[in-house]
Amino acid sequence: MKYIFKIGAYLLLLVSVACASGKDKATPEEIAAFDKMISDQRFEIRPTWAQPMASQGLNSIANAGLLPLGSTASRIDITGIGAYFRMVGDSVEADLPFYGERQMGGFYDQDKAGIKFEGIPKDLSFTPNKKDDGQTMRFQISQDSENFQVFAQLYPNGKGRLTVSSTHRTNIWYQGNLSEYEEEE
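Source: prediction; values computed, not measured.

Asks: How would you explain unusual backbone geometry if you had to name every residue and give the values?
Replies: One non-glycine residue, aspartate 123, lies in positive phi territory at about 55 degrees. Along the chain, aspartate 123 turns up in strand 6 (residues 122-128). For aspartate 123, a relative accessible area of 59% corresponds to the exposed category. If you check the backbone angles, aspartate 144 has positive phi at about 55 degrees while not being a glycine.

So, in structure tokens, the structure goes:
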């Protein structure tokens, strides 16, 4: 019995060490570049996945096979559609697809089906993460009659995660690639 316990403890230790070594840790150079990008407030997130709140409507769309290949009702592949969130100086801009349900009525404008905003955010704050070298950004912004609360987790390994809460729609999350923003000419 002692022998089985020792083998079990050894295997558990081996598995935990193997899993811990697989973490995507940033190098000191990546951390320095990340800190500069955040302090300059010049970056963008190009989302590759949208994660809407699961609902009956989204499940129906997924069951009908209307989502992109490899997507589910709670995780939709948006690679290659040109979605972005960017911050340049004191301004933010976003053009993100929206999958979910509207909570308030109003007119339907095909050009405003996604989450789009541009301007100077209110209550902008950056706070360092306690568990890693990343930063958490929070702000509020209004576009027309809709108000958005945005929460972003930014990491030096080039990953970013956005949470967007709206006064008119269900919450949605985006995961993607974080990089320094360079204006297109």
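Asks: So what about the packing of aromatic side chains? Which residues, and what values?
Replies: Enumeration over the complete set of coordinates arrives at five aromatic pairs. On the basis of an interplanar angle of 75 degrees and a centroid distance of 6.2 Å, the ring pair of phenylalanine 117 and phenylalanine 139 is categorised as edge-to-face. Taken together, the residues span a long stretch of sequence, with phenylalanine 117 in strand 5 (residues 115-119) and phenylalanine 139 in strand 7 (residues 135-143) at a distance of 22 residues. Using a relative accessible area of 2% as the deciding quantity, one classes phenylalanine 117 as buried. Site record: aromatic cluster; members linked through ring pairs are Phe85, Phe117, Phe139 and Phe148. Directly above the aromatic system of tyrosine 84 lies the positively charged group of arginine 86, at a separation of 3.9 Å from the ring centroid. A cation over an aromatic ring shows up here: arginine 169 above the ring of phenylalanine 98, its NZ or CZ 5.1 Å from the ring centre.

Scoring rules and cut-offs
Residues numbered from 1 in each chain as written. Predicted model: local features only at pLDDT ≥ 70, side-chain atom pairs only at ≥ 80, totals over all residues. Heavy atoms only, no water. Helix = DSSP H or I, 4+ residues; strand = E, 2+ residues; numbered from the N terminus. Buried < 20%, exposed > 50% of the residue type's maximum accessible area, 1.4 Å probe, protein only. Phe/Tyr/Trp six-rings, centres within 6.5 Å; stacked < 30°, edge-to-face > 60°. Lys NZ or Arg CZ within 6 Å of the ring centre and 35° of its normal.

In short, shape yes, function no, at least from these values alone.
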